[in-house]
Each structure stands twice: as C-alpha cells, then as structure tokens.
Amino acid sequence: MTITANSQLTNVFSQNLESLTSKTDGSLPTLGAELVYMQDGAGCYLTFYWQYSELLGLNTEKIVDELNQTQTFAPVDKVTYLERLHRILTSLVPERFQCWFSYHQELFELDLVISPIMPSLGTSATTVLVMGRLVQATLNKKQVRVASKTPTQIELAIRSQQHQKLVNRITRNIRRTLDLDIIWQQTVDSLGKALRLERCVICRPDQPCSSKVKVMAEYHQPELKSMLGSDIDIASEPAFAQALATLQPVVMEVPGYMGSGREKTLVVATCYQDQANGLIALNWQDECYTLTESELELAKEAADQLGTAIAHATLYKELEAARQKAEEASRLKSEFLANVSHEIRTPLNGMIGFLKLILEGMADDPEEQNQFLAEAHNLSIHLLNIINDILDIAKIEAGKMELAYAPVKLDELFSHVEGFMRPQAEMRNLSFRMQMPATSDEIIVQSNYQRLLQVMINLVGNAIKFTHEGGVTVSADLVLKKAKPNFQGQEFPGMVKVRVADTGIGVSLDKQDKLFQLFSQVDGSRTRQYGGTGLGLAISQKLVEAMGGEVHFYSLGEGLGSTVTFTVPLYQQPVMVSSGDSDSTNSTELGVRS
C-alpha cells in the first residue's frame, strides 16, 4: 500500500510538472527563477528562458532553434555536464551544482538545480528541468575569476541587482534602531564588505556651519591606518566640498587618498529636507570598475535614506535628552518645594512659639519678654529673606527683573556689608577681614546699590555659614583692560573684581556644577546639615550678570575652603597710590581679626 501511494503521488507531481513545462516559452518565467530551461538526455534544449537573453542579443522567439543549431550557449566542460545529466535521469534524484557556460567571448558561472521529469507512471525519465541563477560573468576564458575593467551589459545588470539589494538591506537595518552609532557602523560595514572597499567612512560636522567634519564610523582593510574620530578639513578635500555644495554624488581619482596607490573615491552627502547632515566616502582601487549613472543614483538614494535616519535618530536623541532634563527639573522643583516648605515652617514655628510664650505670660520678667520678642523679630527677618529669594527668582525666570543703574561707592558698600556680617562672624568665633585696593581716591562702580548689597550679603553669609574655624576675607581688585568693557552701550575703563574667600568645608569637584543651578543644592536631602533654599548663589549669579559682570566659584575639594568672585563695571578709573607709598598704604583694612 505504501509503494502504491508513493507511486501515485509521484505520478501526480510528474503530470503537473509536465503540464507546466509543456507550455510555450513565455510561461517559464512563472516558475520564479531567472534561468529556466528543459533538455533531453543529449543536452538539446526543448525550452529556454533567461532574463538576460536580450542583453546577449538572443532572439527570444527562435531561441531554442538558435541555441541547438549554433551550440553557442553550452557548458564549458560538456562531458562532465552530460554525465551528470544521465545520472539524474537514471537515479531520478535532483542535484544542485555550479557550472561554467560559454556564449561567444563571454563566460558565465551558473548556480543550477536539475530535476528529472517523468511523463507517466512506469516510464523512464528522458527530460530534465533546469532552474538557476547567474553567479558571475567574465570576458576572460582562461582566467574566469579575473574581473574586467570594461563591464559587459550583463555584468552591469548583475551589479545593479546586487547594489539594489545592498541598499534595501541597509535601509532595513537602519530602520530597526534609533541609535546613531549603530546606524553609522552597520552602514559602513555593509558597504565595505559587500563592495570589497579599501575604506568606507561616515563623517559629520562637529558643529553647524563648521569647516571640518569628524569621522563617526569607519570600515577599512586591515593594512590601513584607522581614521576613526579624526577631523577632515572640507576645504582641503574637493570631493567633500563639492558633495556638500551640490548634494550630488562626486567621484574623483586621488593619489593614495585614505590609503595607498591610485584610488577612486565616491563622496555622497546625506540629506534630510534638502539639508546635508553628513557625508559618506567610499574608496576602492583604481583597477576596479567605473560607476554608472544608475549606480550613482542608487548611491544618492542610499544617502537620502541614511540622511533621513540620521535626522530621525538625532531628533529622538534630542527629545530623549529634553525628556530627561524635564524629569530632572521636575524632581529638583519637587525637592526644592519640600525644602522651602521646611525652611518656611522652621522660622514661622519659632515666631509662633515665642509669641505664644509672651501671650500666655510665660516670661519671668520684662527682660526675658524682650528677649522672646527679639528672637521672634530675628526669625521674621529670616522668613522675609526666604520669601524675598523666592520672589526674586520668580521675577528672574519671568524676565521681569528691572534694575536701575547708578554710580556706587565701593567703600560705602563694604562698610554696609561689614555692619551686617561682622556680628555673625564674631558669634561663630571667625576672623573677618575686608580689603580694598590702594588708591588715593574713591573707587566707584556702575551698578544697583541694593542688588549689589544683596549679592555680597548672600556670598558672605554663605561663607560664614559653611565655615567652622578660620575666617572669611572679602577683598576687591581693579582689573584694567585695554579693550574697554561695554555695558548697555556705555564703555567703562575696567572692572572691579570682588573676592569672598573662606576656610570652610569646600565643595567636591564633581558637585560644583550644581551650585548655580536653580532649585538645586549640593545636599538636597531633608536631613541635610545646613539649611537654606539653595537659591542664594543662583540669584547672585543672575543679578551680577544683569549688572554686566560674571560670577565664578573655586574650591579644591571638601575641607579645603571656597572662593567666590564676581565682577562689576568700574565707573571711573581711580588714581592709584604711588609705589613709594605702598609700604604704608598697600591695603586698607576695614576690619580686624576678632
């Protein structure tokens, strides 16, 4: 029963195959192969179809007669081919193999599958069906694997198919990811391996409108030195400049460019919405084939696909960075609000407590009652400062901070700061010194007095708060420049640099970038040792910048103290003390060590 069933199945298959192949030659392409033909045991063609027939000049209407009469399209080793044919007809087992065929002066390597055709059950096979594809073509009959400099039409057709498949593969790969590094590297690897290039690189400008491009990804032969990460000057590379200017593929022959010997380079600009966003450069040996117009168009298509992928990946990266930044800002604001709530409640609870003690008559005498009132007053001032900081930062963020500028005497400002801050330093047993440059007349700066005072109190207050032993020094220096600074359309002779230095706890190098960020503190935890909103330095920086100056922070690390400097425009240049008087008036001290 099993034998009968198998025989019936074979009979049905053979009848269907015979029905298909008995049709006219034009029906053979429906089998889906680029090469399809039938032969008898002697190797004579019964039917024949090849998609490259017209390129070879074959008459498709009389192709079978032509091939049999002229024997022009035949195996190079005909004896071996016919032996295999007879073996297949005898064994009824299909075989797959590669075989060289000749046609006039051309050779073709074909990948073939030969199957026997049985016309009916019990009848021996007399014909075969051959299906195959072209592997390579050459004009050299003696050395069949050596490529020709001048490609034939059939070679061009094969190359076109291969290149189209390569472009399709690259397009599929770059659509699977939004990681730019992966996109770049997969592209150069695919191009380099498939086309057997000397080198393939993808470059991109470091900055918009830059005169240089940076090699972002590279494929190269082992004997060549890597160019990955290096910069290429566009002006010194005509192919690069022309590709960026025209947005068209550029082919140039160069002496040893990116390698050795005579080479050709193809440079294509990657584009998105007619804007170049990168360059692809391919290099191959001069002995290789010349690119056709269709291949250049294909290169432009591949570059456009890559340009779109680069644009999408860049946009995704920017959106991801913006999302992370927004999440971080939201986290910092939440942390800031929690800390500010704590900072506001602390003085408010103290005020309520002291006032309640007074109202309930818990003070033992008028002196203690006055002490309670003084503490409540100090706490109210502290609470007011916190609220003022919050209002100031709100004004700054909204762009509504308006300042009126006028000449400010530096010695009056320093005296005012000393009156506020010296008592605080003395309460903590810290030295407190203020120094000014040696001049014979007053130092006057162009600024806003109240805001400049606010900045100095903020900076000096921070220095005192974060210093446990040692002291705080406030000094000023004149910075006179040949190129006069300009602020609000007015030139000034120089700048005054104010320096606030302490011997306090310092700040580690990896945390210093947080100091001037809004809503950010070096220690943002609720259990932190030092209180405050964390807005002092940020507000000071914004105010100083609004007054035409700069703020800088310096610290060598934790436990090594800190120095904050800021500058303001010098209203008029003072007369400096002569060198002969420098021994007695080198510096004017406004305070002494406590």
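The structure displayed is predicted, hence computed values, not measured ones.

Looking only at helices and strands, the protein has 13 helices and 22 strands in total. Within the protein, the proportion of its 594 residues that are buried is 43%. Nonlocal contacts in the protein, meaning residues at least 24 apart in sequence, comprise 63% of its contacts between residues at least 6 apart. With an accessible surface of roughly 32,100 Å², the protein has 53% of that area assigned to carbon and sulfur atoms.

Turning our eyes to something else, we now look at the environment of Gly 557. Mapped onto the fold, Gly 557 is located in the loop between β20 (551-554) and β21 (562-572). Residues in contact with Gly 557, not counting those within four places in the same chain, are Ile 505, Gly 506, Val 507 and Ser 508.

Strand order in the open sheet made by the six strands is β2-β1-β6-β5-β4-β3, with antiparallel pairing throughout. Lying at the two open borders of the sheet, with one neighbouring strand each, are β2 (45-50) and β3 (74-75). Where strand β1 (residues 35-40) and β2 come together, five bridges link them in antiparallel fashion. Residue Met 38 lies in a different strand from β2, and its bridge partner there is Thr 47. Across the sheet, helix α4 (residues 78-91) lies against β1, β3, β4 (95-103), β5 (106-117) and β6 (127-138), angled at about 145° from β4, the strand it touches most.

The next thing to look at is the pairing of β1. Most of β1 sits inside the fold, with five of its six residues counted as buried. Across six bridges, the pairing between β1 and β6 is antiparallel. Looking across to β6, one finds that Tyr 37 is bridged to Val 130. Counting the residues in the hairpin turn of β1 and β2 gives four residues, including Gly 43, whose phi is positive at 90°.

Turning our eyes to something else, we now look at the packing of aromatic side chains. In this structure the tally under the stated criterion is twelve aromatic pairs. Centroid distance Tyr 81 to Phe 101: 5.7 Å. Interplanar angle 90°. Geometry classified as edge-to-face. Of this pair, Tyr 81 sits in helix α4 while Phe 101 sits in strand β4; the two residues are 20 residues apart in sequence, bridging distant segments of the chain. Both residues of the pair, Tyr 81 and Phe 101, belong to the buried class. An angle of 90° between the planes, with centres 5.3 Å apart, marks the rings of Tyr 405 and Phe 487 as edge-to-face. Of the two residues, Tyr 405 sits in the loop between α9 (366-398) and β13 (406-409) while Phe 487 sits in strand β17 (residues 486-487), which places them 82 residues apart along the sequence. By relative accessible area, which is 22% here, Tyr 405 ends up partly exposed. In textbook terms, an aromatic cluster arises when at least three aromatic residues are bridged by ring pairs, as seen for Tyr 37, Tyr 45, Phe 48, Trp 50, Phe 73, Tyr 81, Phe 97, Phe 101 and Phe 108.

Our focus in this paragraph is helix α10 (residues 410-427). Note: α-helices contain 3.6 residues per turn, so residues at a spacing of three or four share the same orientation. For α10, built from 18 residues, the straight-helix expectation of 26 Å at 1.5 Å per residue is met to within 8% by its first-to-last C-alpha distance of 26 Å. Met 421 marks the point of greatest bend in α10, at about 35°, and the proline Pro 423 comes within the next four residues. Elements in contact with the buried residues of α10: β13, β14 (431-436), α11 (449-465), β16 (471-480) and β19 (494-502).

Here the focus is the pattern of salt bridges. Here the structure, examined in full by the defined rule, presents twelve salt bridges. The partner of Glu 95 in a salt bridge is Arg 87, and the shortest N-O contact between them spans 3.0 Å. Its relative accessible area of 40% is what places Arg 87 among the partly exposed residues. A salt bridge links Arg 422 to Glu 426, with the shortest nitrogen-to-oxygen separation between them at 3.9 Å. Here Glu 426 and Arg 422 lie together in helix α10, a separation of four residues that amounts to about one turn. Among the residues examined, Glu 426 registers a relative accessible area of 40% and is labelled partly exposed.

With that out of the way, let us pick up α9. Between its first and last C-alpha, α9 extends 47 Å over 33 residues, near the 48 Å set by a 1.5 Å rise per residue. Turning to α9, its buried residues are Phe 372, Ala 376, Leu 383, Ile 386, Asp 389, Asp 392, Ile 393 and Ile 396. Near the N-terminus of α9, the side chain that reaches the backbone nitrogen of Glu 367, with its oxygen 3.1 Å away, is that of Asp 365. Looking one or two residues past α9, Gly 399 carries a phi angle of roughly 70°, positive in sign.

Before going further, it helps to examine the environment of Ile 443. Relative to the helices and strands, Ile 443 resides in the loop between β14 and β15 (444-447). As for Ile 443 and Gln 573, which are separated by 130 residues in sequence, their C-alpha atoms are 7.6 Å apart.

Following the sequence through the fold, Glu 218 ends up in strand β8 (residues 212-220). Side-chain polar atoms of Glu 218 contact the side chain of Ser 226, separated by 2.7 Å. Among the polar contacts listed, one links the side chain of Glu 218 to the backbone nitrogen of Leu 228, at a separation of 3.3 Å.

The biggest cluster of nonpolar side chains holds 46 residues, and the ones touching the most others in it are Leu 410, Phe 414, Met 456, Val 460, Val 474, Val 496 and Phe 566. Here this core takes eight residues from α11, the largest share from any one element. If near-sequence neighbours (up to four positions away) are discounted, Val 474 is found in contact with Phe 414, Arg 433, Met 434, Gln 435, Met 456, Val 460, Val 498, Arg 499 and Val 500. With 31 residues, the next largest nonpolar core counts Trp 50, Leu 85, Leu 110 and Met 118 among its residues.

Our next topic: unusual backbone geometry. As a rule of thumb, non-glycine residues mostly have phi less than zero, and peptide bonds are mostly trans rather than cis. Of note, Gln 273 is a non-glycine position whose phi angle comes to about 55°, a positive value. In this fold, Gln 273 is placed in the loop between β11 (262-272) and β12 (275-285). Taking relative accessible area as the criterion, Gln 273 reaches 62% and is therefore assigned exposed. For Asn 429, which is not a glycine, the phi torsion comes out positive at approximately 55°.

Looking at the protein as a whole, the pLDDT averages 80, with 82% of positions reaching at least 70. The spread of mean pLDDT over the elements of the protein runs between strand β22 (residues 588-589), the lowest at 35, and β19, the highest at 94. Per-residue pLDDT stays below 50 along residues 1-14; that stretch engages in five contacts with residues further than four places along the chain or on separate chains. Low confidence marks residues 582-594, where pLDDT is under 50. Its contacts with residues over four positions away, or in another chain, come to 25 contacts.

Reading guide: rules and limits
Residues numbered from 1 in each chain as written. Predicted model: local features only at pLDDT ≥ 70, side-chain atom pairs only at ≥ 80, totals over all residues. Heavy atoms only, no water. Helix = DSSP H or I, 4+ residues; strand = E, 2+ residues; numbered from the N terminus. Buried < 20%, exposed > 50% of the residue type's maximum accessible area, 1.4 Å probe, protein only. Contact = heavy atoms within 4.5 Å. Areas by Shrake-Rupley, 256 points an atom, 1.4 Å probe, with all protein chains shown as cover. Pairing = 2+ DSSP bridges. Axes fitted to C-alpha atoms, helices over the stretch in contact; angles between N-to-C directions. Phe/Tyr/Trp six-rings, centres within 6.5 Å; stacked < 30°, edge-to-face > 60°. Expected span 1.5 Å × (residues − 1). Bend = angle between axes of the 7 residues up to and from the residue. Salt bridge = Lys/Arg side-chain N within 4 Å of Asp/Glu carboxyl O. Polar contact = N/O pair within 3.5 Å; in protein donor to acceptor, adjacent residues only side chain to side chain. Core = buried A, V, L, I, M, F, W, Y, C linked by side-chain atoms within 4.5 Å. pLDDT = per-residue confidence, 0-100.

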